[in-house]
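Okay, here's what each chain looks like letter by letter:
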Amino acid sequence: MNNFTFYSPTEFVFGRSTENQVGDLCVKHGAKRVMIVYGGGSVVRSGLLDRVKAALTSVGIEFVEMGGVQPNPIDTKVREGLKLAKDFAPDFLLAVGGGSVIDTTKAMAVGYYYDGDFWDLYEMVNCKKKATASKALPLGVVLTIPAAGSEGSGNSVITNTTTHVKVGIRYPMILRPKFAVMNPELTMTLPEWQTASGVSDMMAHILERYLSNTPDVQIGDRLAEGMLMAIMECAEKVITNPQDYEARANIMWSATVAHNDTCSIGRVEDWNSHAMEHEISAEYDVTHGAGLAVIFPAFLQYAAKHNPGKVAQLAHRVLGIADSGDASADAMAGALALKKWFSEKLHMPVTFAQLGIENPNLELLNTRLHNLKGEVLHGYMDLDAAATMEIYKQAL
Ligand code: NZQ
Ligand code: ZN
C-alpha cells in the first residue's frame, strides 16, 4: 500500500426529512449570507426548494438564489453565478440538487477568490492547470440524486461551451462540502434513466479505483468488491420498485462512499474511462453515467486482452465467473457479464447507437482526448491514440 493523506471533513446528515435541518447546519458552519444554487426545476416542483428556504428563514439567514444549472454544467452559468455572488457577497454557498449543481457551486467557490476568469483554474496548458486555487468559499449540499458523489468529493467538472472541453479540478482540502444533507426519499422522483445512470456512474467510480497495479491493497479491493455487489443488488430492487426506501438509502450512501476516496487510499487510480466519457458528454451532451455504461465494458474488454489481472479478479469475486485458470478469458467473460447487466437490469445503453449517437466522430473525440491528456494516458494500462481509438470502436 502506498503512503496516503485522507482528509474528508464533510458532515453527512442522512435519512428521512433531514432537509429540515439545513438552516441549523448552515448556522453551525458559520453561514449568515447564503447563495442557493439549483438546477432546471425538479427541486421547485418537488417543493424542496421552498422547504430549504423556509429552513434558512427560520434561523435568520439572508439568501439569494440562482436556478437553471443544466446537466453537464457549463462555464457561462458559473460566470453568471459569480456575478450574482460578487453583488450579494455570500459567506456560504448551498447547492440543492445533483452533481451538476454541486460542481457549478464548487466552481463558484474557487472562482470567487480568483482574480482572473475562473476557467483558468480548469484549463489545461501542456497537461498542467493554467492556474491553481488556494482558497474557496465554504459550501453545503442538499443532495437529490445519488450519482456523481460530488457531495463528498473535492472535485468539480465543468464544460467550456466555446471549446467543448469538459474537465475537472480536484481540491480535497478546500472543496469538500462542509455538510451534505441526504434524504433518500428525495430520490424517489428520479426517472428510471437518471437512477440507472447514477448507478452506472458510482460503479465506474469504484472501478476506476479498483483498476490499479498497486500491489497489496486488499482493504481497498475488498471494500470495492463489497460495494459493487451491494450496489448491483440494490439497483435491481430500485429499478423494480422505485419507492423502495431501504434500497434507495443503500444506493445513496454507496454513491458517496464510491467517490469520497475511501476505496482509493494507498493506490494509484486510473480515470481514463472517465476521461474518454467526458469527451462524449462534452460533444454530444449525453448523460455522463449512460456514457460510462457504453465506455466501461469496452474498456474492460480491452483490459482483458492487455492487462487482465484485476478484471479477472473482479469477474471471479463480483460477477459470478468461475476461475478457469485463463485470466484473459475470465476477464473477457466478466466484461461481457457487466455489459449484459447494464443492458438487461439497468436498461442502460451499451453502444454509441443505443446512446443515440448513430455516427460518432471518433477522430474528433480521440484527438481532443489526447490534446487534453497527452500522447499517452497513464494508469492501469498505458493508452496511446491507437489504444483509445480501439476502445471507442469497441463501443460502436
Ligand atoms: O436540473 P433538475 O431539474 O434538478 O433535474 C435533474 C437533471 O435533469 C434531475 N434530477 C436530479 N434530482 C432529481 C432529478 N429529477 C427528479 N427528481 C430528483 N430528485 O436529474 C438530472 C441530472 O442531474 P445532474 O446533477 O446532472 O446529475 P449527476 O449527479 O449525475 O451529475 C452529473 C454531472 O456530474 C459530473 C458529470 O460529468 C456530470 O457533469 N461528475 C462530477 C464528479 C465530481 N464532481 O466529483 C465526478 C463524476 O465522475 C462526474 O464526472
Ligand atoms: Zn463519474
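A few points on the structure. (Residues numbered from 1 in each chain as written. Chains lettered and ligands numbered in written order. Predicted model: local features only at pLDDT ≥ 70, side-chain atom pairs only at ≥ 80, totals over all residues. Heavy atoms only, no water.)

## Structural notes on the overall build of the protein chain
Secondary structure summary: the protein chain contains 15 helices and 10 strands in total. Compactness check: the protein chain gives a C-alpha radius of gyration of 20 Å against a globular reference of 21 Å for 396 residues, within 12% of the reference. For the protein chain, the C-alpha atoms occupy an extent of roughly 65 × 45 × 45 Å along the three principal directions. Relative to its 396 residues, the protein chain shows a buried fraction of 59%. Considering only intrachain contacts with a sequence separation of at least 6, the fraction spanning at least 24 residues in the protein chain is 78%. (Helix = DSSP H or I, 4+ residues; strand = E, 2+ residues; numbered from the N terminus. Rg over C-alpha atoms; globule rule 2.2 N^0.38 Å. Buried < 20%, exposed > 50% of the residue type's maximum accessible area, 1.4 Å probe, protein only. Contact = heavy atoms within 4.5 Å.)

## A few points about the nonpolar core
Of all hydrophobic cores here, the largest spans 70 residues; its most connected members are V199, M203, I280, F342, L346, F352 and Y392. For this core, the element with the highest residue contribution is helix α11 (residues 288-306), accounting for 12 residues. Among residues more than four places away in sequence, those in contact with I280 are D285, V286, I295, F352, L355, I357, L365 and Y392. Counting residues in hydrophobic clusters, the runner-up holds 36 residues, among them V78, L93, Y122 and Y171. (Core = buried A, V, L, I, M, F, W, Y, C linked by side-chain atoms within 4.5 Å.)

## Re the site of ligand 1
Close to ligand 1 lie 31 residues, the nearest being G40, S42, G99, S100 and H205. A distance of 2.9 Å separates an oxygen atom of ligand 1 from a polar side-chain atom of H259. Between ligand 1 and H274, the relevant distance is 2.9 Å, taken from an oxygen atom to a side-chain nitrogen or oxygen of the residue. Isolated, ligand 1 exposes 960 Å² of accessible area, and the fraction of that covered by the protein chains is 89%. Of all elements in the fold, only α5 (99-111), β8 (155-159), α7 (192-210) and α10 (272-284) reach the threshold of two or more residues within the shell around ligand 1. (Near = heavy atom within 4 Å. Polar contact = N/O pair within 3.5 Å; in protein donor to acceptor, adjacent residues only side chain to side chain. Areas by Shrake-Rupley, 256 points an atom, 1.4 Å probe, with all protein chains shown as cover.)

## What about a nonpolar patch on the surface?
There is a patch of nonpolar side chains on the surface, built from M1, F4, F6, I219 and L223 and spanning about 460 Å² of accessible area. Examined against the element boundaries, I219 turns out to sit in helix α8 (residues 218-240). The class of I219 is partly exposed, set by a relative accessible area of 47%. (Patch = residues over 30% accessible without salt bridge, like charges linked within 9 Å, V, L, I, M, F, W, Y side chains within 5 Å. Salt bridge = Lys/Arg side-chain N within 4 Å of Asp/Glu carboxyl O.)

## Section: the packing of α8 against helix α9 (residues 245-259)
It is at 9 Å that the axes of α8 and α9 come closest, and there the two elements cross at 140°. Crossing geometry of α8 relative to α9 is assigned as left-handed. Contact residues: M227, I231, C234, A235, K237 and V238 in α8; A247, R248, N250, I251, S254, V257 and A258 in α9. Split into classes, the residues belonging to the contact of α8 with α9 amount to nine nonpolar, two polar and two charged. (Axes fitted to C-alpha atoms, helices over the stretch in contact; angles between N-to-C directions. Left-handed = near helix turned anticlockwise from the far one by under 90°. Nonpolar A, V, L, I, M, F, W, Y, C, P; charged D, E, K, R; others polar.)

## Things to note about α7
Its 19 residues place the ends of α7 27 Å apart at the C-alpha level, agreeing with the 27 Å of an ideal helix rising 1.5 Å per residue. Taken across its 19 residues, α7 has 16 buried, putting it largely inside the fold. (Expected span 1.5 Å × (residues − 1).)

## Thoughts on α9
Taking 1.5 Å as the rise per residue, α9 with 15 residues should run 21 Å; its terminal C-alpha atoms sit 22 Å apart, in good agreement. Most of α9 sits inside the fold, with 12 of its 15 residues counted as buried. All buried positions along α9 are accounted for by Y245, A247, R248, A249, I251, M252, S254, A255, T256, V257, A258 and H259. Where the residues of α9 are buried, they touch β1 (11-14), β7 (139-143), β8, β10 (179-182), α7 and α8. The opening residue of α9 is D244, an N-cap whose side-chain oxygen sits 3.2 Å from the backbone nitrogen of E246. Two residues or fewer after α9 comes D261, characterised by a positive phi angle close to 85°.

## As for the pattern of salt bridges
One side chain can pair with another of opposite charge once the charged atoms of both are near each other. This structure, assessed with the given rule, holds 22 salt bridges. Across the pair R51 and E19 runs a salt bridge, and its minimum N-O distance is 2.9 Å. Of this pair, R51 sits in helix α3 (residues 48-58) while E19 sits in the loop between β1 and α1 (22-28), placing them 32 residues apart in sequence. Judged by relative accessible area, which is 31%, R51 ranks as partly exposed. With a relative accessible area of 4%, E19 lands in the buried category. Put simply, D261 and R176 hold a salt bridge, and the shortest N to O gap is 3.1 Å. Here D261, found in the loop between α9 and α10, pairs with R176, found in the loop between α6 (172-175) and β10; they are 85 residues apart in sequence, far enough to count as distant. Just as D261 is buried, R176 falls in that class too. Members of the salt-bridge network, linked through shared partners, are R170, R176, R209, D261 and E269.

## A word on unusual backbone geometry
Positive phi, normally seen in glycine, also occurs at N72, with a value near 55°. Structurally, the position occupied by N72 is in the loop between β3 (62-66) and α4 (75-88). According to the relative accessible area criterion, N72 is buried, its value standing at 9%. Here W271, not a glycine, exhibits a phi torsion of approximately 75°, which is positive.

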